[in-house]
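# Working through the structure, step by step
The residues making up each chain are set out below.
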Amino acid sequence: MNAPVIARPATARDPFFDNAKYLAIVLVVCGHLIEDQRDAPLAHALYFYVYVFHMPLFIVLSGYLSRNFTFSGGKARKLLSTLAVPYLIFELAYSLPRPILYGTFELSLLDPYYLTWFLLSLFLWRLSTPVWQQLKWPLAVAVALSLLTGLDRLPGELAMNRTFALLPFYVLGLMVRPEHFALLRRPSVRLAGFCVLGLGLAVALLVHDRVPTEWIRWRHSNAAIGVDDLTGTAIRLALLAAGAVLVAAFLAVTPARRTWFSGLGSATMYAYLLHGFVVKGAERLGLGLPLSLLLGVLTATLLCTPWVRRLFRWAVEPRMTWAFTPLRRPA
């Protein structure tokens, strides 16, 4: 008599990470919606504050969730279907309206336009994962590469400036372990997280008008921003440290329990890739800061809902089985 087959339960998602991803995408959408209002001091201060750590937060989480990436056939196919193909689709989708909005049409698949740079950078970071896992001091090497980025003007292709400049956050995510997140959930650390976020906002309100915006965009060399390499390297190192501290503080205050928005956290890539169309439309309405922030929260929430996933799965998570051969495994 054959023994009964016991089905293994599906691995439950940790609501902590889904909560963090949802709250992070809210920051991203709100940051983009207030970008056009930076002439107002409060809007510029909030923009500066959010941009110091909102993408580093996403990148750290992406690194942590990529710890098990290998060059196996299944992982490589997922890399193509979840990053490479959506990149091509949305690079084209965001380029098509440019003649109407700006009077010109440009399409360069190697030079990402608007928010598609993150897909291309994440594709390259994930490909490099096995390399970082072999190094003895991966974070130190990544920080050194990030600082060296500022010494020269890199080509725009492959989002090279951002890819190298923000690399330390991806490597940091690779190095983080579950026990580190458990440490962040302690009540004392949670209280410290609130204090650090509040202090960071206060500092942003004080210095935002004295720091060029390009520093928090990570797109140009030191010379292009107007400083010498010694000063630029010090500023870059300070921003890397500030981003890491604010990311840790943000994760410390993120709820670890299941919340009403936990289920939305698994679909943040939909909100990231689609919200740009809302931003482009809102730029012409002149909504003001309060309405822009409200629209940001509503947009991020709506674009993570199941019906949006069903409607746009073909673009964000396309089924590519038709393009692949049967999975090949080594003998």
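Report on the accompanying structure.

### Notes on the layout of surface pockets
Reported here for the largest pocket is a volume of approximately 1,200 Å³. Forming the boundary of the largest pocket are 34 residues, of which Arg13, Lys21, Leu65, Lys78 and Arg126 lie nearest the centre. Breaking the lining of the largest pocket down by element, the ones donating at least two residues are α1 (15-33), α2 (41-64), α3 (73-95), α5 (117-127), α14 (268-282) and α16 (306-316). Among the elements that take part in the lining of the largest pocket, α3 stands out by supplying six residues, more than any other. Split into classes, the residues belonging to the lining of the largest pocket amount to 16 nonpolar, eight polar and ten charged.

### A few points about the environment of Trp125
Mapped onto the elements of the fold, Trp125 is located in helix α5. Note: C-alpha distance between Trp125 and Val279 (154 residues apart in sequence) is 27 Å. Excluding residues that lie within four positions of it along the chain, Trp125 makes contacts with Ile59, Trp117, Phe118, Arg162, Thr163, Leu166, Leu167 and Tyr170.

### Structural notes on the packing of aromatic side chains
Across all of its chains, the model carries 19 aromatic pairs by this definition. Note on Tyr49 and Phe53: the rings are 5.4 Å apart at their centroids and 65° apart in plane angle, and the pair reads as edge-to-face. Of this pair, Tyr49 and Phe53 both sit in helix α2, four residues apart, roughly one helical turn. When sorted by exposure, Tyr49 lands in the same class as Phe53, which is buried. Feature note: the residues Phe90, Tyr94, Tyr113, Tyr114 and Phe277 constitute an aromatic cluster, connected by ring pairs.

Rules used in this analysis
Residues numbered from 1 in each chain as written. Predicted model: local features only at pLDDT ≥ 70, side-chain atom pairs only at ≥ 80, totals over all residues. Heavy atoms only, no water. 1 Å grid on protein atoms, 1.4 Å probe; cavity = no way out; pocket = protein on both sides within 12 Å on 5 of 7 lines; lining within 4 Å. Points joined across faces, edges and corners; volume = space filled by probe spheres on them. Helix = DSSP H or I, 4+ residues; strand = E, 2+ residues; numbered from the N terminus. Nonpolar A, V, L, I, M, F, W, Y, C, P; charged D, E, K, R; others polar. Contact = heavy atoms within 4.5 Å. Phe/Tyr/Trp six-rings, centres within 6.5 Å; stacked < 30°, edge-to-face > 60°. Buried < 20%, exposed > 50% of the residue type's maximum accessible area, 1.4 Å probe, protein only.

Everything listed here is a matter of coordinates, which is why it stays silent on function.
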